Structures are given as structure tokens and as C-alpha cells.
Amino acid sequence: MFGELHDLRHEFPEYNDRIHELKITSDHFRRLFDEYNELAHELVRIQQNIETPSDEVVEGLKLKRLNLKDKLYAMLKRK
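Everything in this summary refers to the structure shown in the same document.

Reading guide: rules and limits
- Residues numbered from 1 in each chain as written.
- Predicted model: local features only at pLDDT ≥ 70, side-chain atom pairs only at ≥ 80, totals over all residues.
- Heavy atoms only, no water.
- Helix = DSSP H or I, 4+ residues; strand = E, 2+ residues; numbered from the N terminus.
- Buried < 20%, exposed > 50% of the residue type's maximum accessible area, 1.4 Å probe, protein only.
- Contact = heavy atoms within 4.5 Å.
- Areas by Shrake-Rupley, 256 points an atom, 1.4 Å probe, with all protein chains shown as cover.
- Lys, Arg positive; Asp, Glu negative; His and termini not counted.
- Charge placed at Lys NZ, Arg CZ, Asp CG, Glu CD.
- Core = buried A, V, L, I, M, F, W, Y, C linked by side-chain atoms within 4.5 Å.
- Phe/Tyr/Trp six-rings, centres within 6.5 Å; stacked < 30°, edge-to-face > 60°.
- Axes fitted to C-alpha atoms, helices over the stretch in contact; angles between N-to-C directions.
- Parallel < 35°, antiparallel > 145°, perpendicular 65-115°, else oblique.
- Left-handed = near helix turned anticlockwise from the far one by under 90°.
- Nonpolar A, V, L, I, M, F, W, Y, C, P; charged D, E, K, R; others polar.

Each helix and strand counted, the chain has four helices and zero strands in total. For the C-alpha atoms alone, the extent of the chain along its principal axes is close to 40 × 20 × 15 Å. Taking all 79 residues of the chain together, the buried fraction comes to 34%. In the chain, 70% of the contacts between residues at least 6 apart in sequence involve partners at least 24 apart. For the chain, the computed accessible surface area is about 5400 Å², with 51% contributed by carbon and sulfur atoms. Each charge class in the chain was averaged separately, 14 positive and 16 negative side chains, and the resulting centres sit 6 Å apart.

Here it is, written out as C-alpha cells:
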């Protein structure tokens, strides 16, 4: 949806406790989590025309966000 923030807590509400746990216990997860959130916010600013990069840049950011989301999800599923 236009201007919708894709944060992990909304994407994976069933993992809220696990997200909190990993943010506290894993520096690697926290770094990826922060990077993912920064990209998500940047893409919202682009969708709201606050920033206006080329389509190629936007697609690159979306792919990077998706890659981070996949890595974070894999970490969430591990016990």
C-alpha cells in the first residue's frame, strides 16, 4: 500500500517476542533490523515524494529490503 511502513513487527506479529529477544541478545540481528527499518523509512519517504530518486535506485532499495527481510525471517524462525 502507498506510504505503508513495512516494519517487522507488522509483517510478522507472531514473532514480536522473538524480535524483542533477538534485538537484545544478537548484535547481528539488531544491525540487520536497524538497516531494514532505515530502508523501510526511506522507501516511505520516496513514496510520499519527499525523496525522488530514479526508478532503478528505488528497485534496488526494494530488493535490498526484501533480502534483509528474508535474512531476518530466517533468524526469527531459528530457535
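Within the largest apolar cluster, 18 residues are counted, with the highest numbers of intra-cluster contacts made by Leu8, Ile19, Phe29, Phe33, Leu72 and Leu76. No other element matches the seven residues that helix 3 (residues 27-47) contributes to this core. Contacts of Phe29, omitting those with residues within four sequence positions, involve Ile19, Leu22, Lys23, Leu72, Met75 and Leu76.

Moving on, we come to the packing of aromatic side chains. As enumerated under the stated definition, the model contains four aromatic pairs in all. Plain terms: the ring middles of Phe12 and Tyr15 are 6.4 Å apart, the flat faces sit at 80 degrees to each other, and that makes the pair edge-to-face. Judged on exposure class, the residue Phe12 and its partner Tyr15 are both buried. Note on Phe12 and Tyr73: the rings are 4.8 Å apart at their centroids and 25 degrees apart in plane angle, and the pair reads as stacked. Here Tyr73 lies in helix 4 (residues 55-77) and Phe12 lies in the loop between helix 1 (8-11) and helix 2 (16-25), a separation of 61 residues in the sequence. Note on Tyr73: relative accessible area 29%, which makes it partly exposed.

In this section: the environment of Asp7. Its place among the elements puts Asp7 in the segment before helix 1. Exposure remark for Asp7: the relative accessible area of 16% places this residue in the buried category. Residues Asp7 and Lys69, 62 residues apart in the sequence, show an inter-C-alpha distance of 9.5 Å. Asp7 has contacts with Tyr36 and Asn37, leaving out every residue within four places of it along the chain.

With that settled, consider the packing of helix 2 against helix 3. When two helices pack together, their arrangement is captured by the angle between the axes and the distance separating the axes. Close contact between helix 2 and helix 3 brings their axes to 6 Å; oriented N to C, the two are set at 115 degrees. Between helix 2 and helix 3, the angle falls in the class roughly perpendicular. Crossing hand, helix 2 versus helix 3: left-handed. Mapping the contact onto sequence places Ile19, Leu22, Lys23, Ile24 and Thr25 in helix 2 and Asp27, Phe29, Arg30 and Phe33 in helix 3. Classifying every residue of the contact of helix 2 with helix 3 by side-chain character gives five nonpolar, one polar and three charged.

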